[in-house]
Amino acid sequence: MKGKLLTFLDRKLYEFLEKHVDVMPLRFTKMIAFYYCDARTRKLYFRKLGITMGENTYANLGLKVVRNDGDFSVTVGSNVSIAPNVVFVCESTANNGREINTLPYVRDVMTGGGNITVGDEVWIGANVTVLQGVTIGKCSMIGAGSVVIHDVEPFSLYVGVPARKIRDLRTGERVTTG
Ligand SMILES: CC(C)(COP(=O)(O)OP(=O)(O)OC[C@H]1O[C@@H](n2cnc3c(N)ncnc32)[C@H](O)[C@@H]1OP(=O)(O)O)[C@@H](O)C(=O)NCCC(=O)NCCS
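Residues numbered from 1 in each chain as written. Predicted model: local features only at pLDDT ≥ 70, side-chain atom pairs only at ≥ 80, totals over all residues.

Draft legend 1. Structural detail: the sheet that holds strand β4 (residues 74-76). Taken together, four strands build an open sheet; the order of strands is β1-β4-β9-β12 and the sheet is parallel. Unpaired on one side and paired on the other, β1 (51-53) and β12 (135-136) mark the two borders of the sheet. In this sheet, β4 lies alongside β1 in parallel orientation, the contact comprising three bridges. The residue bridging Thr52 from the neighbouring strand is Thr75, located in β4. (Pairing = 2+ DSSP bridges. Helix = DSSP H or I, 4+ residues; strand = E, 2+ residues; numbered from the N terminus.)

Pasting the structure below:
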């Protein structure tokens, strides 16, 4: 009886949130996308925040996307596993800066954005940060706590800060890259 009631309430809440996703103020959209207990609902709200996810991809709690109003987005493939507290940084700027934003190096090199693409079957470990412009190839894995600043080859294990390839996932062999 209790289980049935919960399933019923879950469904009703899902239907309500699905219906209102387009009129929800941004701060509520973000709160639901980042913290709501049902992954299906979070996925709906992420679409509003510029993250689209393929079939059978559900993010764990705490996934965040850093972007402004809209030039850049995140596209995640199918069957992707996203552990808790992953951050996709699509855009970088010193938000509250005045003088710092006038420094030529900061303005021309350090500030900017790019789309992020995650291939099918990727596994992203806990507390990973993925920076702007990165493409993560299919069937690859990113170790917990890594910061991904360059593209990731498919079928590869990357770890560390910055993330580097340490293993071929098809053979299990260790590799060393510069
Ligand atoms: C990467 C991982 C899968 C281990 O893979 P593995 O092939 O067994 O790696 P190994 O233990 O053989 O370690 C290989 C090297 O990478 C290093 N390494 C492993 N994981 C690392 C990580 N997350 N960050 C930095 N370095 C890491 C090891 O220290 C080792 O370095 P060394 O050879 O210089 O000593 C695991 O460490 C990990 O990060 N798992 C993520 C788990 C997670 O986030 N789960 C979320 C819930 S699903």
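Draft legend 2. Broad picture of the site of the ligand. Near the ligand, the surroundings consist of Ala83, Gly125, Ala126, Gly143, Ala144, Gly145, Ser146, Leu157, Val159, Gly160, Ile166 and Arg167. The set of elements that each furnish at least two residues to the shell around the ligand consists of β15 (156-159) and β16 (164-168). Looking at the shell around the ligand residue by residue, the classes come out as six nonpolar, five polar and one charged. (Near = placed C-beta within 6 Å. Nonpolar A, V, L, I, M, F, W, Y, C, P; charged D, E, K, R; others polar.)

Draft legend 3. The arrangement of the packing of helix α1 (residues 2-20) against helix α3 (residues 39-48) in detail. Contact geometry of α1 with α3 gives a least axis separation of 10 Å together with a crossing angle of 0 degrees. Regarding the angle of α1 to α3, the classification is roughly parallel. Along the contact surface, α1 presents Tyr14, Leu17 and Glu18, while α3 presents Arg40, Thr41 and Leu44. Tallied by class, the residues present in the contact of α1 with α3 amount to three nonpolar, one polar and two charged. (Axes fitted to C-alpha atoms, helices over the stretch in contact; angles between N-to-C directions. Parallel < 35°, antiparallel > 145°, perpendicular 65-115°, else oblique. Contact = placed C-beta atoms within 7 Å.)

Draft legend 4. Main features of the sheet that holds strand β2 (residues 58-59). Read across the sheet, six strands follow the order β2-β5-β10-β13-β15-β16 without closing on themselves; strand pairing throughout is mixed. The open sheet is flanked by β2 and β16, the only strands paired with a single partner. Inspection of the sheet shows β2 paired to strand β5 (residues 81-82) by two bridges, in the parallel sense. Across the sheet, the residue bridging to Ala59 is Ile82, located in β5.

Draft legend 5. Here's a closer look at the pairing of β15. Of the strand pairs in this sheet, strand β13 (residues 141-142) and β15 are connected by two bridges, and their pairing is parallel. Its bridge partner lying in β15, Ile142 is registered against Tyr158. Where β15 folds back onto β16 in an antiparallel hairpin, the turn is made up of four residues, including Gly160, whose phi is positive at roughly 100 degrees.

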